[in-house]
Amino acid sequence: MKPFRSLTVLLLAASTSLLAQKPDAPPLAPVPASVTFAPANPSLRAIFLVGDSTAEGYGPLFVPMFDPTKVNVIAAGEGGRSARTYINQGIWERVLKQVRPHDIVLFQMGHNDASPISDTNRCRGDLKGIGEETQEVDNPLTHQHEVVHTFGWYMRQYIRDVQAKGATIIVMSLTPRNLWKDGHIVRDSQGYGGWAATVAKDAHVEFVDINSIIAVHFDELGQEKTTALYKDAVHQTPAGWELYAEWIVSGLRTLPTTSITPLLSAKGKAVPAASN
């Protein structure tokens with residue numbers, strides 16, 4: 001698979017410095033009440049992109065891949081959130097209020113779900129796996145007693161909520177971290193990426209393995225050029241986010257049931273479907 005534009009141009013825009021991740025990040029500010037995730041044109045169907053800071057990063061570059069005369073695209077990624085806190089902080093409720101029959105919800109989580117379940121910083125982790133296990137905590141941030149579920153349990157909640165609205169949900173795996181082994185970027189096929197795939201399969205909803213799709217491109221680039229596209233272990237430079245937007249569209253174009261091709265802009269249609 002070949003990148004879709006000149007890597008020379010993209011890499012000139014990419015920062016080569018790596019920013020250290022802060023292990024004890026401060027609590028996140030709430031999403032302002034003025035943010036309603038309302039479609040710009042209510043007469044059209046909508047695509048909602050739900051996720052964490054990675055979806056927030058490529059989201060603005062994902063929007064122009066679609067024709068605004070045919071579909072609304074709402075980039076609803078929120079930095080620092082997990083499958084658990086996107087629900088518990090009321091963000092998902094705001095998004096879901098706007099979802100109508102025939103809309104599409106793209107769901108991508110996993111980067112923050114391995115965080116501590118109960119701490120004084122972000123208190124955002126969930127239980128590993130896809131089972132029905134629970135853990136009760138007294139949340140030190142909300143000062144509420146809370147039952148914490150598995151990553152898969154929360155995913156099933158999103159799926160049920162979207163289907164109850166008569167809309168379509170497409171599950172995506174998380175984006176790859178800048179971790180390498182034996183000359184290849186490490187895939188997440190056993191952890192959150194694998195759990196997302198299993199839950200989607202069990203629920204009979206479509207799944208796009210963007211973790212693998214992006215990783216194939218990075219393997220072709222090699223570690224040095226790929227690292228130039230990362231700001232830290234997870235987040236991209238603007239040039240990297242633009243590549244993410246294109247590569248994710250390439251994955252969506254492979255879906256056997258939900259066709260996004262008629263909704264794409266000229267820029268989106270110039271992106272070929274992923275071949276892996």
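Analysis parameters
Residues numbered from 1 in each chain as written. Predicted model: local features only at pLDDT ≥ 70, side-chain atom pairs only at ≥ 80, totals over all residues. Heavy atoms only, no water. Helix = DSSP H or I, 4+ residues; strand = E, 2+ residues; numbered from the N terminus. Rg over C-alpha atoms; globule rule 2.2 N^0.38 Å. Buried < 20%, exposed > 50% of the residue type's maximum accessible area, 1.4 Å probe, protein only. Contact = heavy atoms within 4.5 Å. Areas by Shrake-Rupley, 256 points an atom, 1.4 Å probe, with all protein chains shown as cover. Lys, Arg positive; Asp, Glu negative; His and termini not counted. Charge placed at Lys NZ, Arg CZ, Asp CG, Glu CD. pLDDT = per-residue confidence, 0-100. Salt bridge = Lys/Arg side-chain N within 4 Å of Asp/Glu carboxyl O. Phe/Tyr/Trp six-rings, centres within 6.5 Å; stacked < 30°, edge-to-face > 60°. 1 Å grid on protein atoms, 1.4 Å probe; cavity = no way out; pocket = protein on both sides within 12 Å on 5 of 7 lines; lining within 4 Å. Points joined across faces, edges and corners; volume = space filled by probe spheres on them.

1. Side note on the overall build of the protein chain
When its secondary structure is counted, the protein chain shows 10 helices and nine strands. In terms of C-alpha radius of gyration, the protein chain reaches 18 Å, essentially the compact-globule figure of 19 Å for 276 residues. Dimensions of the protein chain along its principal axes, counting C-alpha atoms only, are 50 × 45 × 35 Å. Within the protein chain, buried positions represent 53% of all 276 residues. If you take every contact in the protein chain between residues at least 6 apart in sequence, the share linking residues at least 24 apart comes to 71%. Looking at the protein chain as shown, the accessible area adds up to about 12400 Å², and 55% of this sits on carbon and sulfur atoms. The average position of the 25 basic charges and that of the 27 acidic charges among the side chains of the protein chain differ by 6 Å.

2. Describing the confidence of the model for the protein chain
Model confidence for the protein chain is summarised by a mean pLDDT of 91, while 91% of its residues fall at 70 or above. The low-confidence segment residues 1-23 (pLDDT under 50) makes 45 contacts with residues lying over four places distant or belonging to another chain.

3. Notes on the pattern of salt bridges
All chains considered together, the criterion is met by four salt bridges. Here Glu-132 ties to Arg-156 by a salt bridge, and the two come within 3.0 Å at their closest N and O atoms. Of this pair, Glu-132 sits in the loop between strand E3 (104-108) and strand E4 (135-139) while Arg-156 sits in helix H5 (residues 151-164), and the two are 24 residues apart along the sequence. Among the residues examined, Glu-132 registers a relative accessible area of 56% and is labelled exposed.

4. Comments concerning the packing of aromatic side chains
Using the criterion set out here, one finds 13 aromatic pairs in the structure. Residues Tyr-58 and Phe-62 carry aromatic rings whose centres are separated by 6.3 Å and whose planes lie at 70 degrees to one another, so their mutual orientation is edge-to-face. Placement of the pair is Tyr-58 and Phe-62 together in helix H2 (residues 53-62), with a separation of four residues, close to one helical turn. By relative accessible area, which is 0% here, Tyr-58 ends up buried. Using a relative accessible area of 0% as the deciding quantity, one classes Phe-62 as buried. Within the aromatic cluster, the residues linked to one another by ring pairs are Tyr-58, Phe-62, Phe-66, Phe-218, Tyr-230, Trp-241, Tyr-244 and Trp-247.

5. Overview of the layout of surface pockets
Considering only enclosed or pocket space, the second largest pocket measures out at about 250 Å³ in volume. Around the second largest pocket, the lining is made up of 17 residues, and of these Thr-85, Gln-89, Arg-122, Leu-141 and Thr-142 lie nearest the centre.

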